[in-house]
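So the chains spell out like this:
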Amino acid sequence: MTLLLLFLLASLDGALCGCRTSMGRCPLIHNRKYYVMGVLRGVFAAQIVSGFSLICLLLVVAFSRNPQLLRADLVESARRMLFVFLPYAALVLANIALRIVPSTDLRSATSVFFLGPLTGIRPLVMITGVVAGIWRAQLHQTVFLGLFVLTLMLSVEFALNSYCNRLQQRQIRSLV
Amino acid sequence: MNLRGAQPTVCFLRLTLEQNSARGSALNFLLAVVVSRPALRFVLPARAQFLYSQLVFPSWNPAQPEISDLVVQHDPKTLQRLPVNKPEILKIFERFQNKKALRAIERIPAKEGFLDPAAVDRLMLTVHWEMQRLAEEFYHGHRVLKLLRATIAAMRSSGHTGPIRIVDVGCGIGYTIRWLAARSMLHKEDVELTGVDLNSTLVNEANRLATQEALPCRFFHGNAFSADLRGHIYISTGVLHHFRGDSLIAFLRQHGNETTQAFVHYDFQPWALAPFGSWFFHVIRMRTALARHDGVLSTARAHNAHTLVSAARAAVPELTTGIYGAKIWNTPAPRVFHALVGFRPALVPQLKQSLGRMLGELP
């Protein structure tokens, strides 16, 4: 259950990364389809990262001398990570939900006061979450896996941004 | 938005900067003392802290121009694109010790000392695409539409029966007009949606995008106030702060022709935290160095309500002018954008009725 929750959070983070990295790169007015594609691209990237992480996890567990202990240690670490990630995700989702209210001021306020700053602290939250998770880990493998997944998750936005930037520059070069 | 052609050219700009520099030297001495004693920073009065920030963040100094004001220049009469001397514009920012601007300009390719126009155009398109994202995020189209609906209704009730032409001055890639064309029914109410800019690359892009989505709007390269392009309602976004001193009055004076019924010019609202908020937001949201630099500097250069209203009243006394939407709801909290508005006096009573307290500062 804990790992499933982490997977869902990773997918949500990927979706938002995909949306964010697509923003400001399509000047059309009817750009919903474009953003949906961006979100799906992010979710897909998160699946790759999750899948890769899962393979590593299984390999580490398979080669571990004490798989039972490692599994318990991993679950406990993941549970501690959720204490950081869940409130952050809830705050982000609550602010996105607030944008349903048909008030331009309220919607803008969610951007200025919450979504913007929350985007700004995202890397910090990820680092804090993983460090909180592995801080009391009993095994080195757990620490290694935590840091490995953190690196992968932090690189998702960078990779998506590079990809979208390449597409955008190609499009602009075709115009000028 | 691009108004470089209507703006003073580099020569005029140099003159303005020289006037500022004499006053600056005394301040710089004071600031050097402050900077050498960081503890002072926290006990200084607000004005001194602001000056401190000017030295610490030279890119926030409102006396300097924005990069986009300089990298594209046009002949004010023929509107032809002029070559831009890279070392010359670098020199302008060197005088402000603005390393951010210098870095952003250094990255633009040049040929024989002149900026490569194609590279500049590509950069401007990237920046304007990015800026559209901010307009989307802040629901700018909805805000403009609300005000336009009320204005059009007031015009119709005061007897205006013919077509109404809305002109977006310095439209850039025409987001506002394209949004209005796509998301409102204004074009079915005999309202013509147009945008005008002095940058032909941006105008071509606006027309390309409008054609791609089959939007009922048009964009023109030229002077928005010329006889063939003039309209009944003028709108703009983030344009006013590009005009400094007398050029602000000169710009507003152009609204004084007999066809003008109203104008709505949105721009950043200056207040103590605006540059900080803008800096943070631009770091998070914007990607190009030029957009980050100019976006923050724009908030530092924005005119306050008093300056805008005084200039408007001096320039177009025949219109009733004021500030629209400065505060959020009924609180003292300022909006990011406020709008300088002007209306024919006959429209004002109905506008006051329909817009209520948002027009509270209109006489």
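Summarised in this report is the structure supplied together with it. Every chain is numbered independently, its residues counted from 1 as its sequence is written. All chains are assigned letters beginning at A, and all ligands numbers beginning at 1, according to the order in which they are written. Reporting in this predicted model follows two pLDDT cut-offs: at least 70 for local features of residues, and 80 or more for side-chain atom pairs to be given and counted; totals over whole chains, interfaces and linings ignore these cut-offs and use all residues. Hydrogens and water molecules were not included; the side-chain quantities draw on all heavy atoms of the structure.

1. Here we look at the overall build of chain A
A count of helices and strands for chain A gives 6 helices and 0 strands. In chain A, the succession of α and β elements from N to C terminus is α-α-α-α-α-α. Considered along the principal axes of its C-alpha atoms, chain A spans approximately 60 × 40 × 20 Å. Per-residue accessibility, obtained with a 1.4 Å probe over protein chains only, is compared with the maximum for each type, and a residue is labelled buried under 20%, exposed over 50%, and partly exposed between these values. Taken across its 176 residues, chain A has 44% of its residues classed as buried. Put simply, DSSP H or I for four residues or longer makes a helix, DSSP E for two residues or longer makes a strand, and each gets a number counted from the N terminus.

2. A few points about the nonpolar core
Residue and element names in this part refer to chain B. What is meant by a nonpolar core is a set of buried Ala, Val, Leu, Ile, Met, Phe, Trp, Tyr and Cys residues, joined one to another through side-chain atoms within 4.5 Å. Counting residues in each nonpolar core, the largest one holds 42 residues, and the members touching the most others are I166, L180, L193, I233, I235 and Y324. Here the element with the most residues in this core is helix α7 (residues 140–157); it accounts for 8 residues. In this structure, L193 is in contact with I166, I177, L180, A181, L186, P216, C217 and R218, ignoring residues within four places of it in sequence. The contact criterion used is simple: two residues touch if any of their non-hydrogen atoms lie within 4.5 Å.

3. Let's talk about a positive patch on the surface
All names here are of chain B. Here a patch means residues that are over 30% exposed by relative accessible area and free of salt bridges, tied together within 9 Å if like-charged and within 5 Å if nonpolar (Val, Leu, Ile, Met, Phe, Trp, Tyr). Using the Shrake-Rupley algorithm and a 1.4 Å probe, accessible areas are obtained, with residue cover drawn only from the displayed protein chains. By definition, a salt bridge exists where a carboxyl oxygen of Asp or Glu is found within 4 Å of a side-chain nitrogen of Lys or Arg. His is not counted here, nor are the chain ends, while Lys and Arg score as positive and Asp and Glu score as negative. Just so you know, the charge point we use is NZ for Lys, CZ for Arg, CG for Asp and CD for Glu. Together, K99, K100, R103, R107 and R292 line one region of the surface with positive charge. No other element matches the 3 residues that helix α5 (residues 99–106) contributes to the positive patch. With respect to the secondary-structure elements, K99 resides in helix α5. You can call K99 exposed: its relative accessible area is 59%.

4. Describing the environment of F52 of chain A
Residue and element names in this part refer to chain A. Within the secondary structure layout, F52 lies in helix α2 (residues 32–62). Distance from F52 to V149, taken between C-alpha atoms, is 8.9 Å for residues 97 residues apart in sequence. If near-sequence neighbours (up to four positions away) are discounted, F52 is found in contact with F148 and L152.

5. Quick word on the interface of chain A and chain B
Of the residues lining the interface, 35 residues belong to chain A; the matching set on chain B comes to 36 residues. Approximately 3100 Å² of surface area, both sides summed, lies buried where chain A meets chain B, with 60% of it carried by carbon and sulfur atoms. Put simply, chain A and chain B have 2 salt bridges between them. Of the charged contacts, one joins D105 of chain A and R335 of chain B as a salt bridge, the two residues approaching to 2.2 Å between their closest N and O atoms. What qualifies as a polar contact is a pair of N or O atoms within 3.5 Å, subject to a donor-acceptor requirement within protein and to the restriction that residues adjacent in sequence count only when both atoms come from side chains. Remark: the boundary between chain A and chain B carries 19 residue pairs in polar contact (both at pLDDT 80 or more). Secondary structure elements with two or more residues in the side of chain A that touches chain B: α1 (2–22), α4 (104–120) and α6 (140–175) of chain A. The leading source of residues in the side of chain A that touches chain B is α4 of chain A, at 12 residues. Residue classes in the side of chain A that touches chain B are distributed as 13 nonpolar, 16 polar and 6 charged. Put simply, buried area is the surface a 1.4 Å probe can reach on two separate parts but cannot reach once they are joined, added for both. When residues are grouped by polarity, Ala, Val, Leu, Ile, Met, Phe, Trp, Tyr, Cys and Pro land in nonpolar, Asp, Glu, Lys and Arg in charged, and all others, Gly among them, in polar.

6. Comments concerning the environment of V84 of chain A
Residue and element names in this part refer to chain A. Note on placement: V84 falls in helix α3 (residues 67–98). V84 gets classed as partly exposed once you look at its relative accessible area, which sits at 22%. Separated by 44 residues in the primary sequence, V84 and T128 have C-alpha atoms spaced 7.4 Å apart. The contacts of V84, once residues within four sequence positions are left out, are V125, T128, G129 and A132.

7. A look at the sheet that holds strand β6 (residues 191–197) of chain B
Residue and element names in this part refer to chain B. When DSSP locates at least two bridges between a pair of strands, those strands are taken to pair. Taken in spatial order, the 7 strands line up as β7-β6-β5-β8-β9-β11-β10 in an open sheet, and their pairing is mixed. Single-partner strands in this sheet number two, and they are β7 (218–221) and β10 (320–324). On average, adjacent strands in this sheet sit at an angle of 20 degrees to one another, irrespective of strand direction. Of the pairings in the sheet, the one linking strand β9 (residues 262–268) to strand β11 (residues 337–343) comprises 7 bridges and is antiparallel in character. Bridge pairing in β11 places F263 opposite G342. Against the sheet, α7 touches β5 (164–169), β6, β8 (233–237), β9, β10 and β11, its axis set at about 165 degrees to β8. To obtain each axis, a line is fitted to C-alpha atoms, and for helices this fit is confined to the stretch in contact; angles are then taken between N-to-C directions over 0 to 180 degrees.

8. Observations regarding the packing of α2 of chain A against α6 of chain A
All names here are of chain A. Axis separation between α2 and α6 bottoms out at 10 Å; the angle between their running directions is 155 degrees. Considering the angle they form, α2 stands roughly antiparallel to α6. Once α2 is placed against α6, the crossing between them reads as right-handed. Contact residues: R41, G42, A45, V49, F52, S53, C56, L57 and V60 in α2; Q141, F144, L145, F148, V149, L152, M153, V156, L160, Y163, C164 and L167 in α6. Reported orientations rely on four angle classes, namely roughly parallel under 35 degrees, roughly antiparallel over 145, roughly perpendicular from 65 to 115, and oblique for the rest. Put simply, a crossing is left-handed when the front helix is turned counterclockwise from the back one by less than a right angle, and right-handed when it is turned clockwise.

9. Examining the pattern of salt bridges
Residues and elements named next belong to chain A. Applying the stated criterion across every chain, the model contains 17 salt bridges over all chains. Of the charged contacts, one joins E157 and R122 as a salt bridge, the two residues approaching to 3.0 Å between their closest N and O atoms. Of this pair, E157 sits in helix α6 while R122 sits in helix α5 (residues 122–134), and the two are 35 residues apart along the sequence. Its relative accessible area of 4% is what places R122 among the buried residues. One salt-bridge network, held together by shared partners, links D13, R20, R122 and E157.

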